[in-house]
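Spelled out, the chains give:
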Amino acid sequence: MADSAPNVPEATEPTITPTQRRRAATAAALASSVEWYDYFVFGIAAALVFGKTFFPTTNAAAGVLASFATFAVGFLARPLGGIIAGSLGDKRGRKPVLVLAIALMGAATTLIGVLPTYDTIGIGAPILLVLLRLVQGVAVGAQWGGAMLLATEYAPPGKRGLYGSLVQLGVPIGVVLANTVFLVAAQVAPPSDFLTWAWRIPFLVGILVLGLAWYMHVKIDETPEYRRAAAKLAAEERGQAKSPLRDVLRNHKGTVLLAGGSFMVNTATFYILLNGVLDYTTRHLGMSRTTVLVATLLISTLQLAIIPLSAKLSDRIGRLKIYTFGAAGIALWAIPMFLLIDTASLPLLVVASFVGSMFLGIMYGPQAALFAELFTAEMRYTGASLGYQISAVVGGGLAPFIMVLLLETTGTSMSVSLYIIVLALISLGSIGLLARRAKRAAQPSSGSFDRAREAVGDQP
């Protein structure tokens, strides 16, 4: 069977009330926000804490490399979470899998907050840290697809991009929350106590996530599109059982790989700005930890406006057009961005990071809707999750580690800029192939014009 983006109609379930839509969209945004908060506090701690408390060494760069390697381990586990959750979510429903993912993340994050350090239990400390990071990776790999589908499958006609962007808002909200709690922790404790106990506060907050999991379990209904597909799935299981994962890998693996490639530069640049630059500016350029965290916090709040605006625009002119503009912007800004950062000037750091984050936000906005529209309801959790997590592993997970390695090897930040440009070219190539597939499907002879418009988010 030829690999193509199948027909995905807009949700038109007449029994869904505006209140139900708002409740589902709010729950999806909250789920994404708290999940990413838990995930990002680890990244901040990897840049500031873990190299000294779990990987002590006389070489500061070696400690940071080991810490960022542990950070990357979570990304390696994300496809596993996507595969497990995708199969269960496509067969058993979006909501229960999302609730389980949130509870799993809350438990793992809280346990990191009480984990003994290397000085207390020796080699057991980094081993346990790696294991808990793996659990975090599985949880976030399972969460994104569920939250994204909870929002987009409840969306009214013509607003799938806007509803999907509510989940994407969880990324900057998670960054803001993580940076804020770390800043508060640094203020409530003397500098000498930050590495002994204050760094644990952001992780212990993770226990509150379990309350959100309970709320979603009690208050949120299953998505209308999944309910419409449930009878078909039940019939298949009574006859010949169908595996969503097998179907995706057999018939739509090209779409999965192109989806992952299209987002690769975004996720890599995001973690470079969030974690890599934090280490670089504080360790190499001598900038204040608090100052850099505040700058990151302020810049992330600006994305709260950019993401829904780009998503709303994608509902009108198409997802891939917005995607292309964002990826091209990242490529063009990669060199100027690090030239500004290298000045060690706070105002220029803010300008560099803000423009880079603006292009990231432009891509983030339509992403959830675009990935959802590439697959039918029966395989959407699996297909969209795999595409997203592939980009996370190859692009995001290794980005801070590769950045430190490039800086230590070449001695210049321009090597990091070139790394971003290469990833941008991969993303632009993937976007171009997705657009070409949609254009071919739109030919009158294919009888698939509506399907092609849906695949790129175009509106009649």
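Small disclaimer: the values here were computed from a predicted structure and weren't measured.

A.B. asks: Help me out: how do you make sense of the overall build of the chain in this one?
C.D. replies: When helices and strands are tallied, the chain shows 21 helices and 0 strands. Each of the 460 residues in the chain was classed as buried or not, and the buried ones make up 60%. Nonlocal contacts in the chain, meaning residues at least 24 apart in sequence, comprise 86% of its contacts between residues at least 6 apart. For the chain, the accessible area works out to roughly 17,100 Å², and carbon and sulfur atoms hold 69% of it.

A.B. asks: Just to check I follow, could you spell out the pattern of salt bridges for this structure?
C.D. replies: Note that side chains of opposite charge can pair when their charged atoms are close. Per the counting criterion, the structure on display carries 7 salt bridges. Between Asp 279 and Arg 283 there is a salt bridge, and its shortest N-O distance comes to 2.9 Å. Linking Asp 279 with Arg 283, this pair stays in helix α14 (residues 253-284), spanning 4 residues, or about one helical turn. Take Asp 279: its relative accessible area is 3%, and that puts it in the buried class.

A.B. asks: It is not clear to me how empty space enclosed by the protein should be interpreted in this structure. Could you clarify?
C.D. replies: Left-over empty space is what a probe sized like a water molecule reveals as it rolls over the atoms. Throughout the structure, instances matching the rule amount to 5 cavities of 30 Å³ or more. Approximately 180 Å³ is the volume attributed to the largest cavity. Lining the largest cavity are 16 residues, and of these Leu 273, Leu 274, Thr 296, Ile 299 and Ser 357 sit closest to its centre. Among the elements of the structure, α8 (170-188), α14, α15 (289-317) and α17 (346-373) are those that each provide at least two residues to the lining of the largest cavity. Ranked by residues supplied to the lining of the largest cavity, first place goes to α15 with 6 residues. By volume, the second largest cavity is sized at about 60 Å³. Trp 36, Phe 40, Arg 78, Val 171, Phe 263, Thr 267, Phe 270, Tyr 271, Tyr 364, Tyr 388, Ser 391 and Ala 392 together form the lining of the second largest cavity.

A.B. asks: Just to check I follow, could you spell out the confidence of the model for the chain for this structure?
C.D. replies: Atom-level detail of predicted coordinates should not be read off regions where pLDDT is low. Residues at a pLDDT of 70 or more form 88% of the chain, whose mean pLDDT is 81. Here helix α21 (residues 449-455) stands out as the least confident element of the chain, with mean pLDDT 43; helix α16 (residues 319-341) is the most confident, with 94. The low-confidence segment residues 1-14 (pLDDT under 50) makes 52 contacts with residues lying over four places distant or belonging to another chain. Across residues 445-460, where pLDDT falls below 50, the model places 39 contacts with residues more than four positions away in sequence or in other chains.

A.B. asks: What should I look at first to understand the side chain of Asn 179 in this one?
C.D. replies: Along the polypeptide, Asn 179 turns up in helix α8. A polar contact is formed between the side chain of Asn 179 and the backbone oxygen of Val 175, at a distance of 2.8 Å.

A.B. asks: Which parts of the structure should I look at to understand the environment of Ser 314?
C.D. replies: With respect to the helices, strands and loops of the structure, Ser 314 is situated in helix α15. We classify Ser 314 as buried; its relative accessible area is 0%. Taking the C-alpha atoms as reference points, Ser 314 and Gly 161, separated by 153 residues in sequence, lie 6.4 Å from one another.

A.B. asks: Looking at this model, I keep getting lost on the packing of aromatic side chains. Mind explaining?
C.D. replies: Aromatic ring pairs: the centre-centre distance and the angle between the two ring planes describe each pair. Evaluated as defined, the whole model comprises 16 aromatic pairs. Aromatic side chains Trp 36 and Phe 40 sit 5.4 Å apart centroid to centroid with 20° between the ring planes, which places their arrangement in the stacked category. A residue pair is termed a helical-turn pair when its members lie 3 or 4 positions apart in one helix, as Trp 36 and Phe 40 do in helix α1 (residues 18-48) at 4 residues. Plain terms: the ring middles of Phe 270 and Tyr 364 are 6.1 Å apart, the flat faces sit at 85° to each other, and that makes the pair edge-to-face. Of this pair, Phe 270 sits in helix α14 while Tyr 364 sits in helix α17, and the two are 94 residues apart along the sequence.

A.B. asks: Would you mind going over unusual backbone geometry with me for this structure?
C.D. replies: Comment: phi is negative for the bulk of residues other than glycine, and the bulk of peptide bonds are trans. Here Ala 344, not a glycine, exhibits a phi torsion of approximately 60°, which is positive. Mapped onto the secondary structure, Ala 344 falls in the loop between α16 and α17. Exposure remark for Ala 344: the relative accessible area of 32% places this residue in the partly exposed category.

A.B. asks: I'm lost on α14 in this one. Help?
C.D. replies: Since there are 3.6 residues in each turn of an α-helix, residues three or four apart along the chain are aligned in direction. Taken as a whole, α14 carries its principal kink of about 40° at Phe 263. Burial of α14 is extensive: 27 of the 32 residues sit out of reach of the surface. Looking one or two places after α14, you find Gly 286, whose phi comes out positive at around 75°.

Thresholds applied
- Residues numbered from 1 in each chain as written.
- Predicted model: local features only at pLDDT ≥ 70, side-chain atom pairs only at ≥ 80, totals over all residues.
- Heavy atoms only, no water.
- Helix = DSSP H or I, 4+ residues; strand = E, 2+ residues; numbered from the N terminus.
- Buried < 20%, exposed > 50% of the residue type's maximum accessible area, 1.4 Å probe, protein only.
- Contact = heavy atoms within 4.5 Å.
- Areas by Shrake-Rupley, 256 points an atom, 1.4 Å probe, with all protein chains shown as cover.
- Salt bridge = Lys/Arg side-chain N within 4 Å of Asp/Glu carboxyl O.
- 1 Å grid on protein atoms, 1.4 Å probe; cavity = no way out; pocket = protein on both sides within 12 Å on 5 of 7 lines; lining within 4 Å.
- Points joined across faces, edges and corners; volume = space filled by probe spheres on them.
- pLDDT = per-residue confidence, 0-100.
- Polar contact = N/O pair within 3.5 Å; in protein donor to acceptor, adjacent residues only side chain to side chain.
- Phe/Tyr/Trp six-rings, centres within 6.5 Å; stacked < 30°, edge-to-face > 60°.
- Bend = angle between axes of the 7 residues up to and from the residue.

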